[in-house]
Amino acid sequence: MKIKILTLFPDMFNGFVGESIIKRAIDNNVVEIEIIDYRTYSNDKHNHVDDTPCGGGAGMVIRCDVIDRAIKANSGDNTYICLMTPQGERYSEAITKELALKDEIMLICGHYEGFDERVRGYVDRELSIGDYVLTGGEIPAMAIADSVIRLLDNAINSESYKDDSYYNGLLEYPQYTRPVEYNGDSVPEVLLSGNHKKINEYRLKESLRKTYLRRPDLLEGRLLSKEEEKFLKEVKDEEDNK
Ligand code: ADE
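Residues numbered from 1 in each chain as written. Predicted model: local features only at pLDDT ≥ 70, side-chain atom pairs only at ≥ 80, totals over all residues. Heavy atoms only, no water.

A. Spatial organisation of the nonpolar core. Counting residues in each nonpolar core, the largest one holds 31 residues, and the members touching the most others are I3, I5, L99, L107, L127, I144 and I149. Elements represented by at least two residues in this core include exactly β1 (2-7), α2 (20-27), β5 (79-90), α4 (93-100), β6 (104-108) and α5 (138-149). If you tally residues by element for this core, the top one is α5, at six residues. Once you skip the residues sitting within four places of it in the chain, I5 turns out to touch F13, I33, E34, I35, I36, L107, C109 and A141. Counting 19 residues, the second-largest nonpolar core is a separate cluster that includes C64, A70, I81 and M106. (Core = buried A, V, L, I, M, F, W, Y, C linked by side-chain atoms within 4.5 Å. Buried < 20%, exposed > 50% of the residue type's maximum accessible area, 1.4 Å probe, protein only. Helix = DSSP H or I, 4+ residues; strand = E, 2+ residues; numbered from the N terminus. Contact = heavy atoms within 4.5 Å.)

B. Quick peek at the pattern of salt bridges. Enumeration according to the criterion identifies 25 salt bridges in this entry. Between R120 and E126 there is a salt bridge; the shortest N-O distance is 2.7 Å. Assessed through its relative accessible area of 21%, E126 is described here as partly exposed. Among the salt bridges present, the one from K230 reaches E234, with a minimum N-O distance of 3.8 Å. With K230 and E234 both in helix α8 (residues 226-240), this residue pair falls four residues apart, about one helical turn. Overall, the relative accessible area of 47% leaves K230 in the partly exposed class. (Salt bridge = Lys/Arg side-chain N within 4 Å of Asp/Glu carboxyl O.)

C. Representation of the site of the ligand within the structure. As a matter of local geometry, the ligand sits amid M84, T85, P86, L127, S128, I129, G130, Y132, V133, L134, G136 and P140. T85 is positioned with one of its backbone polar atoms (N or O) 3.1 Å from a nitrogen atom of the ligand. Here a nitrogen atom of the ligand and a backbone polar atom of G130 are 3.2 Å apart. For the shell around the ligand, the elements supplying multiple residues, two or more each, are β5 and β7 (125-128). Counting residues per element, the shell around the ligand draws most heavily on β5, at three residues. Of the residues belonging to the shell around the ligand, the class tally is eight nonpolar, four polar and no charged. (Near = heavy atom within 4 Å. Polar contact = N/O pair within 3.5 Å; in protein donor to acceptor, adjacent residues only side chain to side chain. Nonpolar A, V, L, I, M, F, W, Y, C, P; charged D, E, K, R; others polar.)

D. Up close: a nonpolar patch on the surface. Residues M12, Y132, L134 and I139 make up a contiguous nonpolar surface patch of roughly 360 Å² in combined accessible area. Here L134 is to be found in the loop between β7 and α5. With relative accessibility at 34%, the residue L134 sits in the partly exposed group. (Patch = residues over 30% accessible without salt bridge, like charges linked within 9 Å, V, L, I, M, F, W, Y side chains within 5 Å. Areas by Shrake-Rupley, 256 points an atom, 1.4 Å probe, with all protein chains shown as cover.)

The values reported here are purely geometric and, on their own, carry no functional implication.
Take a look at the structure:
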């Protein structure tokens, strides 16, 4: 997969592409990441990419002609173009899975007061990573690229993400490691039993418990298997009688 990121601040991505799992995915040709500077597509000698808002007001607005030239010079028929904006559709693991199937995605970062409204007409989708406003789209673009890359084949072991929170629509079960006992707080015995059937049952039940207690909305409308139904009933009885 190829990920292209359009930004006014290319250096913000140095750490992102240069460390840990993302670096390894790039080195192993799982993903190619290209960081594109808007200033390359400015057509004035001072490399301006923004201007004051029409009608007045604070801050600067990124020009639509600059973004249009940057998109046209860097996209093809297969490029899925996403605009980073707090006004966009709320990003979720379901969208991550969709994006992970694309050949090429382009993430467009705003900065300052945002971009000229006409830019919305140049993109396939507008995405927000949450109901808060950041100083620019760079951190959202990193969040989205990171969440997509970890789902690509050979980026991480698929066993590691199948049980993750949200991947299967539930929050992840609790994890423990050594020491087995610390400050009087012990690892649940079943996890030390070596009985994989029991361990899997424990994990499913605790995953349902976390979801029931913290994100009951995720259970609404979910089609439960017989086993999930049984464990969820047990969880509800236990929690409601506490
Ligand atoms: N740009 C600024 N805030 C944002 C957000 N919450 N999501 C996506 N892009 C943004």
